[in-house]
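Descriptive structure summary
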Number of protein chains: 2
Amino acid sequence: MHSSIVSGLAATKPFIAPESFERERGRPLRLRLGANESMFGASPMAIEAMVRASSQANLYPDPDGVELRTALAEGHGLSIQEVALASGIDELLSLLARVFINPGDTVVTSLGSYPNFEYCVNGVGAIIQRVRYRDDAIDLEALSQRAHETSARMVYLANPDNPSGSWHEPSAVLAFIATLPPDCTLLLDEAYAEFAPDFAIPAHAAVVRSRTFSKAYGLAGARVGYVIGSPDHIGGVNKIRMQFGVSRTSQIGALAALGDQDFLANIIKQTAEGRKALSSQANALGLKTLPSHTNFVCIDMGDRPTADKTVTALLERDVFVRKPWADPLDRCIRVSIGTPEQMEMFGEDLRTVLLS
Amino acid sequence: MHSSIVSGLAATKPFIAPESFERERGRPLRLRLGANESMFGASPMAIEAMVRASSQANLYPDPDGVELRTALAEGHGLSIQEVALASGIDELLSLLARVFINPGDTVVTSLGSYPNFEYCVNGVGAIIQRVRYRDDAIDLEALSQRAHETSARMVYLANPDNPSGSWHEPSAVLAFIATLPPDCTLLLDEAYAEFAPDFAIPAHAAVVRSRTFSKAYGLAGARVGYVIGSPDHIGGVNKIRMQFGVSRTSQIGALAALGDQDFLANIIKQTAEGRKALSSQANALGLKTLPSHTNFVCIDMGDRPTADKTVTALLERDVFVRKPWADPLDRCIRVSIGTPEQMEMFGEDLRTVLLS
């Protein structure tokens, strides 16, 4: 007999995996630009470290992740008590939902935001309230207002945002935090922070920040995320987190990746160039793009049916992209930045699809 | 503000990691025989597969783990709907607690059993009831009786058992299952199943079984576990499980390990020989050992103070073993099986400690 919460949940899946498309269609994807993975790969130093670690996979990882947490804390100017590791933002969202939310509590997010967050909130029996995007960006004022109206226990803000790619300056985020109700925790998802112009937010008792090695560091397959928060919040995480959530090889790989900041800087530069190249190609086809501070760009297809049709037509050509699921962004397709060659290939595919 | 459940939990850690001992003492361990890792390592085929996968760590793993689940289902004669992956038994225990237990429910386990299970049960706000070992094995009758007395929602049984090493025949487990109250789910932890003489239990609606690649397969660092249960139970797991819990490299490594059954058979054989060698060495020192169907052996030190002192004295010699935490097994030290050389080294260390 299942628990009350699980009994009350519908069977659901936050994503259809690219592998599912491959299995359904019986052939591999030619361009995988739908999951915002880094097409530039991980640092060679990280790969080399993981290769070396492979022969030690019989040993459990350090459950306290001290080496990696120490390096992360140093990088952020924090103490190790302000950092906890997790098996990607996937585990973090689930953990943070359990640390901060009771069944029946209200959580405010943006209409169309990360489906996995809603999945995790549903998983603790809480109630989602969604606020519409405004001008294709997250509406901070409306988020705060809704939080007050619903006595929300948590607000979720991705900055930079997925799927819009938009970004709020630290000063705007700080002003927003100041408006939140007492006892409301802000979950600031900074998965794309490395791509943003500036992401320095001072520590704040009402804020927990989630970070990942999946995007700029190119380690999506390794499953390494971390949460930054007050020692009290991290203490809460430590009461229920998995002990061995991050694999030994992944901890070692992430540490090496963190040590290769030159590589990271180059990825950020190449990603910015890729955004320009992709936007130029879209513009050349008469399409607008949304400003992006991430490793993806939303191309405005004008309306939802056209965007839906484009995603399907691209998939027929073995090109995987995704699209935002809710109005008003559902008129767009969301394309991950790839290498110059991949961006060129994608431009040709998009042209073919639009002309056919 | 933390959730009610997390607020009510004491700060706790189910384990002190071997890495903690190394950091405290400022030098590496010479023998790491306290975590029941496979000292024989993983299959060379698995290591080779993980090495190859390292350069693709920028890609997310398949969230549905279809290739690995298909291979596991085939191996067990099950459908893929009866198998779910997780990031080791660590994630599984937490997941299964959430799938089956409500806050305030009672869960029955053995006094002295796997600390991580109790940590996960506490993490959902449920109440632990513990049943004493009898004759250094799990007391099935008492477990069932306590489950009835407390209207338990879940019973935890590790078979083979950690830390005793004891094992109940499938027929005894089946008879036990038949005595459980209705609406009580048996969590059958089969982490050490590959080492047991026989572990074939037919599918049962009241049973979920947890398995791992951490022990016989030598992939503790990779974090791959799986749960076997009815499609209904796996459906419950799928409502709240992590989407990307198992790293890409780990899925690939586990699949290759599964394909190398010759290697596994050899590990099982070497482990059985190691148990004999370790027992002989203990016997030669005038010590008895508990019968074991796992990759570790409990050596009976006579009483708790002696066992405690022995663990400490071994650690002073850079030898890491653990000991059961509760009466009556707390008179033992628990030693993982290693290579013949490691077993010989350990025997010498134990002799030195006992004679000093």
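Residues numbered from 1 in each chain as written. Chains lettered and ligands numbered in written order. Predicted model: local features only at pLDDT ≥ 70, side-chain atom pairs only at ≥ 80, totals over all residues. Heavy atoms only, no water.

**Looking at the interface of chain A and chain B**
Taken together, the contacts link 78 residues of chain A with 78 residues of chain B. Between chain A and chain B lies a buried interface of about 6200 Å² when both sides are counted; carbon and sulfur atoms form 52% of it. Of all residues in chain A, M1, Y60 and K239 of chain A give up the largest surface area on contact with chain B, accounting jointly for 13% of the area buried on that side. Linking chain A to chain B there are 7 salt bridges. The residue D62 of chain A makes a salt bridge to R23 of chain B at a minimum N-O spacing of 3.0 Å. The tally of links between chain A and chain B comes to 59 residue pairs in polar contact (both at pLDDT 80 or more). At the level of secondary structure, the elements contributing two or more residues to the side of chain A that touches chain B comprise α1 (4-7), α2 (18-25), α3 (44-53), α5 (88-100), α6 (115-122), α9 (231-240) and α10 (248-258) of chain A. (Contact = heavy atoms within 4.5 Å. Buried area = accessible area lost by both parts, 1.4 Å probe. Salt bridge = Lys/Arg side-chain N within 4 Å of Asp/Glu carboxyl O. Polar contact = N/O pair within 3.5 Å; in protein donor to acceptor, adjacent residues only side chain to side chain. Helix = DSSP H or I, 4+ residues; strand = E, 2+ residues; numbered from the N terminus.)

**Quick word on the pattern of salt bridges**
As a working rule, side chains carrying opposite charge can pair if their charged atoms are close by. Residue and element names in this part refer to chain A. Summed over all chains, the structure comprises 51 salt bridges over all chains. Measuring nitrogen to oxygen at the nearest pair gives 2.9 Å for the salt bridge that ties D318 to R27. In this pair, D318 is assigned in the loop between α12 (304-316) and β11 (319-320) and R27 in the loop between α2 and β1 (31-32), connecting sequence segments 291 residues apart. Owing to a relative accessible area of 13%, D318 belongs among the buried residues under this scheme. For R27, a relative accessible area of 36% corresponds to the partly exposed category. Of the charged contacts, one joins D136 and R331 as a salt bridge, the two residues approaching to 2.7 Å between their closest N and O atoms. Residue D136 is located in the loop between β4 (127-131) and α7 (140-149), and its partner R331 is located in the loop between β11 and β12 (332-336); the two are separated by 195 residues in the primary sequence. Here D136 and R331 have matching classes, each one buried. (Buried < 20%, exposed > 50% of the residue type's maximum accessible area, 1.4 Å probe, protein only.)

**Focus: the packing of aromatic side chains**
Under the definition given, this model contains 16 aromatic pairs over all chains. When the ring of F117 of chain A is compared with that of Y156 of chain A, the centres are 4.2 Å apart and the planes differ by 15°; the resulting orientation is stacked. On the criterion of sequence distance, the pair formed by F117 of chain A in helix α6 and Y156 of chain A in strand β5 (residues 154-158) is long-range, its members being 39 residues apart. Take Y156 of chain A: its relative accessible area is 2%, and that puts it in the buried class. Centroid distance F15 of chain B to Y114 of chain B: 5.9 Å. Interplanar angle 55°. Geometry classified as tilted. Placement of F15 of chain B in the loop between α1 (4-8) and α2 (18-25) and of Y114 of chain B in the loop between β3 (106-110) and α6 (115-122) is noted, with a sequence separation of 99 residues between them. Grouping residues by exposure puts F15 of chain B and Y114 of chain B together as buried. Aromatic rings pair up to connect F15 and Y114 of chain A together with Y60 and F244 of chain B into one cluster. A cation over a ring is seen here: R334 of chain A above F296 of chain A, with NZ or CZ 5.5 Å from the ring centre. (Phe/Tyr/Trp six-rings, centres within 6.5 Å; stacked < 30°, edge-to-face > 60°. Lys NZ or Arg CZ within 6 Å of the ring centre and 35° of its normal.)

**Examining unusual backbone geometry**
Here the amide bond leading from D327 of chain A into P328 of chain A is cis, since omega sits at 5°, within 30 degrees of zero. Residue placement: P328 of chain A occurs in the loop between β11 and β12. With an omega of -5°, the peptide bond between N159 of chain B and P160 of chain B qualifies as cis. Turning to its location among the elements, P160 of chain B is positioned in the loop between β5 (154-158) and α8 (170-179). Positive phi, close to 55°, is recorded for D135 of chain A, a residue that is not glycine. Tracing the chain through its elements places D135 of chain A in the loop between β4 and α7.

**Digging into the packing of helix α4 (residues 66-76) of chain B against helix α10 (residues 248-258) of chain B**
Residue and element names in this part refer to chain B. The N-to-C vectors of α4 and α10 enclose an angle of 25°; their axes lie 9 Å apart at closest approach. When the interaxial angle is binned, α4 and α10 end up roughly parallel. In this structure, α4 meets α10 at a crossing whose hand is left-handed. Contacts from E67, L68, A71 and L72 of α4 reach α10 at Q251, A254, L255 and L258. Of the residues in the contact of α4 with α10, the class split is 6 nonpolar, 1 polar and 1 charged. (Axes fitted to C-alpha atoms, helices over the stretch in contact; angles between N-to-C directions. Parallel < 35°, antiparallel > 145°, perpendicular 65-115°, else oblique. Left-handed = near helix turned anticlockwise from the far one by under 90°. Nonpolar A, V, L, I, M, F, W, Y, C, P; charged D, E, K, R; others polar.)

**Quick word on the relation of the copies chain A and chain B**
Its rotation angle being 180°, the transformation that places chain A on chain B also includes 0.0 Å of axial translation and leaves an RMSD of 0.0 Å. What the rotation and shift describe, once combined, is the action of a two-fold rotation axis. Minimal C-alpha separation from the rotation axis in chain A is found for V51 of chain A, amounting to 2.4 Å. (Least-squares fit on C-alpha atoms with pLDDT ≥ 70 in both.)

**Here's the deal with the side chain of N116 of chain A**
Position of N116 of chain A among the secondary structure elements: in helix α6. Setting aside chain neighbours within four positions, we find N116 of chain A in contact with P14, F15, D90 and L93 of chain A together with Q243 of chain B.

**Structural notes on the pairing of β5 of chain A**
Residue and element names in this part refer to chain A. In terms of burial, β5 is a largely internal element, 5 of the 5 residues being buried. A two-sided burial pattern is seen for β5, the buried positions comprising M154, Y156 and A158 on one face and V155 and L157 on the other. Of the pairings in the sheet, the one linking strand β3 (residues 106-110) to β5 comprises 2 bridges and is parallel in character. The partner of V108 across the bridge, within β5, is V155. In terms of strand pairing, β5 meets strand β6 (residues 185-189) through 5 bridges, oriented parallel. In the sheet register, L157 faces β6, and the bridge partner there is L188. Remark: the β5/helix α8 (residues 170-179)/β6 crossover connection has right-handed handedness. (Pairing = 2+ DSSP bridges. Right-handed = clockwise from strand over helix to strand, strands pointing away.)

**Some points on the packing of helix α12 (residues 304-316) of chain B against helix α13 (residues 340-355) of chain B**
Residues and elements named next belong to chain B. Relative to each other, α12 and α13 sit at 115°, their axes nearing to 10 Å. Two packed elements cross with a definite hand, and for α12 against α13 that hand is right-handed. For the pair α12 and α13, the contacting residues are T310, A313 and L314 in the first and F346, D349, L350 and V353 in the second. Class assignment of the residues belonging to the contact of α12 with α13 gives a composition of 5 nonpolar, 1 polar and 1 charged.

**Thoughts on α10 of chain A**
The periodicity of an α-helix, 3.6 residues per turn, causes residues three or four places apart in sequence to face the same way. Judged by how many residues are buried, α10 of chain A sits mostly within the fold: 9 of 11 residues are covered. Within α10 of chain A the residues assigned to the buried category are R248, T249, S250, Q251, G253, A254, A256, A257 and L258 of chain A. Where α10 of chain A is buried, its residues contact α3, α4 (66-76), β2 (83-86) and α11 (261-284) of chain A together with α2 and β1 (31-32) of chain B. For α10 of chain A, the side-chain oxygen to backbone nitrogen distance between the N-cap and T249 of chain A is 3.4 Å, and the N-cap itself is S247 of chain A.

**As for the confidence of the model for chain A**
Confidence in the prediction for chain A averages 96 pLDDT; 100% of positions are at 70 or higher. Overall fold confidence (pTM) sits at 0.97, and the ipTM for the predicted complex is 0.97. (pLDDT = per-residue confidence, 0-100.)

**Overview of the sheet that holds strand β10 (residues 296-300) of chain A**
Residues and elements named next belong to chain A. Overall, antiparallel pairing links the 3 strands, which are arranged β9-β10-β12 in an open sheet. Whereas interior strands pair on both sides, the edge strands pair on one side only; in this sheet they are β9 (288-289) and β12. The pairing of β9 with β10 spans 2 bridges and is antiparallel. The residue of β10 that forms the bridge with K288 is D300. This element, α11, spans β9, β10 and β12 of the sheet and lies at about 15° to β10.

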